[in-house]
Structures are given as C-alpha cells and as structure tokens.
Amino acid sequence: MSVTMLVERMTPFTSTIFAEITQLAVDTGAINLGQGFPDTDGPASLLADAAANITGGINQYPPGPGVPALREAVAAHQQRFYGLEVDPADVLVTVGATEAIASAVLSLCSAGDEVIAFEPYYDSYPAMTALSGATLRTVPLRAPDFSFDPDELRATFSARTRMVLLNSPHNPTGAVFDREQLQLIADLATEHDAIVVADEVYEHMTFDVPHIPIATLPGMAERTLTISSAGKTFSVTGWKIGWIHGPSELVAATRAVKQFLSYTAGAPLQPAVAAALGLPDEFYAGIATSLRGKRELLSAGLREAGFTVYQPRGTYFVVVDGRPLGFEDGYKLAYDLPTLCGVAAVPVSVFASSPEGVEATRPLVRFAFCKRDEVLTEAVGRLAGLR
C-alpha cells in the first residue's frame, strides 16, 4: 500500500510559526511575547455565566447558525457601536474568526479567482486561499506607518479579483486603516465587483484613532462580510466563539461550508458571550485604556534596548526593527532571542510571500503586549541585556 502525501498546494503550511516559537519559549524558559493571547481572564460576569450554563445543562448541540441570543447580540452590538443595521438572521456563529475566514474563502472562491490581501497578513489567509484553489495577490504594507501605496493596490486588482481580505486593525503591524484608505478599497472592490471580507477582531483595540468598519461606507454593506470574535475582545481566546455577518446570500454561502467544518460548537459559551456583548461602555473603553498603558511600557523598553519601534495604532502587537542592534534578519533574531535574553517574539517575514513583502519585513519582529504589567516589566528587564 502506498502512502498518499499531502496535496501540493498545502505543503507550505505544514507548521505555524506560533507553534514553533511557543515550543522554543517553553524549552528555554523564555517569556512568550510571540503568540497573541492574554495571560488574564475576561470579565467575571462572562466566566460566571459560562460556568452556570455548563452546570445548568446547556451542553448539547446548539443550533447550527448559532444560538439566537448571540446572533441578536451581535446585531445589537453593530448597531450600538457603528450604526449598522444587521438582521440577526444574517449572523452566523463560527468556531472563532479563523473558521469564519475559512468558510467565506472556501465557499466563495475557486480556481481561476484571485484573492487580495495586505502583506504581512494573518497566516490563515494564504492557507485558505490555497485550499480554495484561488490565487493570492498581495499588497505590501511598509514601515514606518504600514500604509499601502494606492497605485500598487490599483495594480493588484484585475478582472479575476473575487475577494479582498481586509484586516483592520491590522495584525501583525498594528496599523488602523483610515477612511480615505478604506474608501479606495471600497471603490476598487465595487469597480471590480469583488467581495470584501473584513476581519475586525481587534475592533475595540485602537489608540487615539477610530475603527471604521468598511461596511459603513456607502454601498459596502451589500458586498461585505464582517468578522469578529469574543476571543480578543473578552480575553477568552481558547473559547473560539466568532461570528460573521453580511448580505443574506453571502452568509448563506458561508454557512453551506461552515456546517461541514465544525457544524456547531460552544453551547454553554455562546449565551455567555451574548450577555457580555451588552456590557457597558466603560468596559469597552477600558480595553483600549489598559492596552495603551501596556503598549507604552513595552515600547519604551524596546526602545531602551536599542530597537527601532513602530508605534501601533491598534491591536496588542508592536513591531520593531532589529537593525540598529546589528540584527539584519528578523527570522534569525526571533529564533535567537529566547537564548539571548529570555524573551520570545515572532518574525514578521513569515507573514509575507511576495519578494516585495518579504524584503519589506525582513528585519522586523513582532511582540505581543497583552500580558500582565509585571510580566512586561520582567521582559523589559531581560531585553535591556541585548544592548
């Protein structure tokens, strides 16, 4: 009997940088600022609700599209924060934002189509594009502000463009696209009749600038699928409760694939997230306030260590350039850091694939600051030894 090997289009995706760096941090005892997960739990009310749901017997399959309370809460959240009118029937609950992305790409793209993403990108984008059989086209985001060149964006669109994967606030760079940038994306998507999949999981994590959902721009609600999740907003990344909403026909297509991936999940967690989405404004304001302080703490330490620091406008990541310290290759630096100073980070170049994107990100590494202040302070102390 012969052994069938992995299909060729998936051979570049056999491992993730997060698994490798996390294992390296464990092996060396390094502080792991590589993978983006908090080290504190979310709101007490959310946790208590989930526990009560488990002991109260909410443990069997929830409805495939998601429990009604959560779908209604997502719609109410979009109206409350952005003035978006969303029908709860057009909300689909998913196993995290990653399943929402996978379901959207796999249901709407196929061989011959092109998918546009901004580079560096969240690592599921190229993998899902490859699974769909479509071709990924990228637009580089360059330091120091990680904005895109409008002419490069225009040149990336073609008659084959089927989808734009838009992530703002942007992981890994911390960029937040402004209205002018979003309008250009919207104009080009409309001109080429492309679908926009807006990955907005860091929507409540911006500093001094607003998050603007592209679906709020004129005419864009009709061609946009918007994705978010509880994991980032409520610091429960292990729960994997996400959602996607948009036009009925696009959500129906997404649901057709999603139901054969996980079908459904998180029965006791979904109602708890529904209640948490209704938490008062001060909770949501507090997310950014807390992270702003952590951003300043880690950024100051990284500057003191000798890095060039690119101040993020959103998310909980900060990107630095290692060249002032003599590190030309961010990939090598990320693998050496745990041994050099006992802190782990991820290289940014692994989130790029085009020659232009790889070159633009070659010296960069990304640190996560969604950790307790005492952990960040310890990391800053260790990083000081690099200089």
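Residues numbered from 1 in each chain as written. Predicted model: local features only at pLDDT ≥ 70, side-chain atom pairs only at ≥ 80, totals over all residues. Heavy atoms only, no water.

### Concerning the overall build of the protein chain
Alright, step 1. Scanning the protein chain from N- to C-terminus turns up 14 helices and 13 strands.
Alright, step 2. Scaling as 2.2 N^0.38, a compact globule of 387 residues should have a C-alpha radius of gyration of about 21 Å, and the protein chain matches this with 20 Å.
Alright, step 3. Its C-alpha atoms give the protein chain principal-axis dimensions of about 60 × 55 × 50 Å.
Alright, step 4. Across the 387 residues that make up the protein chain, the buried fraction comes to 55%.
Alright, step 5. Partitioning the contacts of the protein chain with sequence separation of at least 6, the portion at a separation of at least 24 is 75%.
Alright, step 6. Put simply, the protein chain shows about 15,600 Å² of open surface, and 54% of that area lies on carbon and sulfur atoms. (Helix = DSSP H or I, 4+ residues; strand = E, 2+ residues; numbered from the N terminus. Rg over C-alpha atoms; globule rule 2.2 N^0.38 Å. Buried < 20%, exposed > 50% of the residue type's maximum accessible area, 1.4 Å probe, protein only. Contact = heavy atoms within 4.5 Å. Areas by Shrake-Rupley, 256 points an atom, 1.4 Å probe, with all protein chains shown as cover.)

### Quick notes on the pattern of salt bridges
Note on pairing: side chains with opposite charge can pair once their charged atoms come close.
Alright, step 1. Summed over the entire model, instances satisfying the criterion amount to 16 salt bridges.
Alright, step 2. What emerges from the salt-bridge pattern is a single network uniting Asp39, Arg372 and Glu374. (Salt bridge = Lys/Arg side-chain N within 4 Å of Asp/Glu carboxyl O.)

### Regarding the packing of helix α4 (residues 96–108) against helix α9 (residues 248–258)
Alright, step 1. Here α4 crosses α9 at 105°, and the two axes come no closer than 8 Å. In this view, α4 runs roughly perpendicular relative to α9, as classed from their interaxial angle. Facing Glu99, Ala100, Ser103, Ala104, Leu106, Ser107 and Leu108 of α4, the residues of α9 in contact are Leu250, Ala253, Thr254, Val257 and Lys258.
Alright, step 2. Among the residues making up the contact of α4 with α9, the classes are represented as seven nonpolar, three polar and two charged. (Axes fitted to C-alpha atoms, helices over the stretch in contact; angles between N-to-C directions. Parallel < 35°, antiparallel > 145°, perpendicular 65-115°, else oblique. Nonpolar A, V, L, I, M, F, W, Y, C, P; charged D, E, K, R; others polar.)

### Describing the domain arrangement of the protein chain
In many analyses, interface size is given as the accessible surface area lost on bringing the parts together.
Alright, step 1. As far as domains go, the protein chain holds domain 1 (8–42 + 282–384) and domain 2 (44–277).
Alright, step 2. The distance between the C-alpha centroids of domain 1 and domain 2 comes to 23 Å.
Alright, step 3. Contacts between the two partners involve 38 residues from domain 1 and, on the opposite side, 41 residues from domain 2.
Alright, step 4. Taken together, the two surfaces of domain 1 and domain 2 that pack against each other cover about 3,400 Å², and 64% of this comes from carbon and sulfur.
Alright, step 5. For the interface between domain 1 and domain 2, the tally reads one salt bridge.
Alright, step 6. Here domain 1 and domain 2 share twelve residue pairs in polar contact (both at pLDDT 80 or more) between them.
Alright, step 7. Of all the elements in the fold, those that place two or more residues in the side of domain 1 that touches domain 2 are α11 (281–305), β10 (317–321), α13 (355–361) and β13 (364–368).
Alright, step 8. Per-element accounting of the side of domain 1 that touches domain 2 gives the leading share, seven residues, to α11.
Alright, step 9. Taken together, the residues of the side of domain 1 that touches domain 2 sort by class into 21 nonpolar, ten polar and seven charged. (Domains from an automatic or database assignment. Buried area = accessible area lost by both parts, 1.4 Å probe. Polar contact = N/O pair within 3.5 Å; in protein donor to acceptor, adjacent residues only side chain to side chain.)

### Some words on the UniProt feature "domain: Aminotransferase class I/classII large" (unreviewed entry) in the protein chain
Alright, step 1. When the UniProt feature table is mapped to this numbering, "domain: Aminotransferase class I/classII large" (unreviewed entry) covers residues 30–383.
Alright, step 2. This span, residues 30–383, is 42% helix and 17% strand, and a straight line between its end C-alpha atoms measures 11 Å. (UniProt positions renumbered as here; feature names shortened; annotations may be inferred.)

### Remarks on the sheet that holds strand β9 (residues 308–310)
Alright, step 1. Strand order in the open sheet formed by four strands is β9-β10-β13-β12, with antiparallel pairing between adjacent strands. Single-partner strands in this sheet number two, and they are β9 and β12 (346–347).
Alright, step 2. Relative to β10, β9 runs antiparallel, the two sharing three bridges. Directly across from Val309, in β10, lies its bridge partner Val320.
Alright, step 3. Helix-sheet contacts for helix α12 (residues 330–341) involve β12 and β13, and the interaxial angle to β13 is about 40°. (Pairing = 2+ DSSP bridges.)

### Details of the nonpolar core
Alright, step 1. By size, the foremost hydrophobic cluster in this structure holds 95 residues, and its most contacted members are Phe234, Leu298, Phe367 and Leu383.
Alright, step 2. Counting residues per element, this core draws most heavily on α4, at seven residues.
Alright, step 3. Residue assignment places this core across two domains, with domain 1 (8–42 + 282–384) and domain 2 (44–277) each supplying three or more.
Alright, step 4. When neighbours within four sequence positions are excluded, Phe234 is seen to be in contact with Gly42, Pro43, Leu46, Val273, Ala276, Leu277, Leu279, Phe283 and Tyr284.
Alright, step 5. Core analysis: the second largest hydrophobic core is formed by 29 residues, Ala175, Leu188, Ala198 and Val348 among them. (Core = buried A, V, L, I, M, F, W, Y, C linked by side-chain atoms within 4.5 Å.)

### Things to note about the side chain of Glu99
Alright, step 1. Tracing the backbone through its elements, the reader meets Glu99 in helix α4.
Alright, step 2. Since its relative accessible area comes to 9%, Glu99 is described here as buried.
Alright, step 3. Polar side-chain contacts of Glu99 include one of 2.7 Å to the backbone nitrogen of Val95.
Alright, step 4. A polar side-chain atom of Glu99 sits 2.9 Å from a polar atom in the side chain of Lys258.
Alright, step 5. Excluding residues within four positions of it along the chain, Glu99 makes contact with Thr94, Lys258, Leu261 and Ser262.

### With respect to unusual backbone geometry
Alright, step 1. Following Ala143, the chain continues into Pro144 via a peptide bond in cis, with omega recorded as 10°.
Alright, step 2. Considering the arrangement of structural elements, one finds Pro144 in the loop between β4 (135–140) and α6 (150–156).
Alright, step 3. Residue Pro172 is bonded to the preceding Asn171 through a cis peptide linkage, with omega at 20°.
Alright, step 4. You can see Pro172 is positioned in the loop between β5 (161–167) and α7 (179–191).
Alright, step 5. Here the phi dihedral of Tyr263 falls at roughly 60°; this positive angle occurs in a residue that is not glycine.
Alright, step 6. Residue placement: Tyr263 occurs in the loop between α9 and α10 (269–276).
Alright, step 7. One non-glycine residue with positive phi stands out, namely Thr315, at about 70°.
Alright, step 8. Its location among the elements puts Thr315 in the loop between β9 and β10.

### Re helix α5 (residues 124–132)
Alright, step 1. Across the nine residues that make up α5, a large majority, eight, are buried.
Alright, step 2. Among the residues of α5, Ser124, Tyr125, Pro126, Ala127, Met128, Thr129, Ala130 and Ser132 are the ones counted as buried.
Alright, step 3. On its buried face, α5 sits against α4, β3 (114–119), β4, β5 and β6 (195–199).
Alright, step 4. Remark: Gly133 follows α5 within two positions and exhibits a positive phi of approximately 90°.

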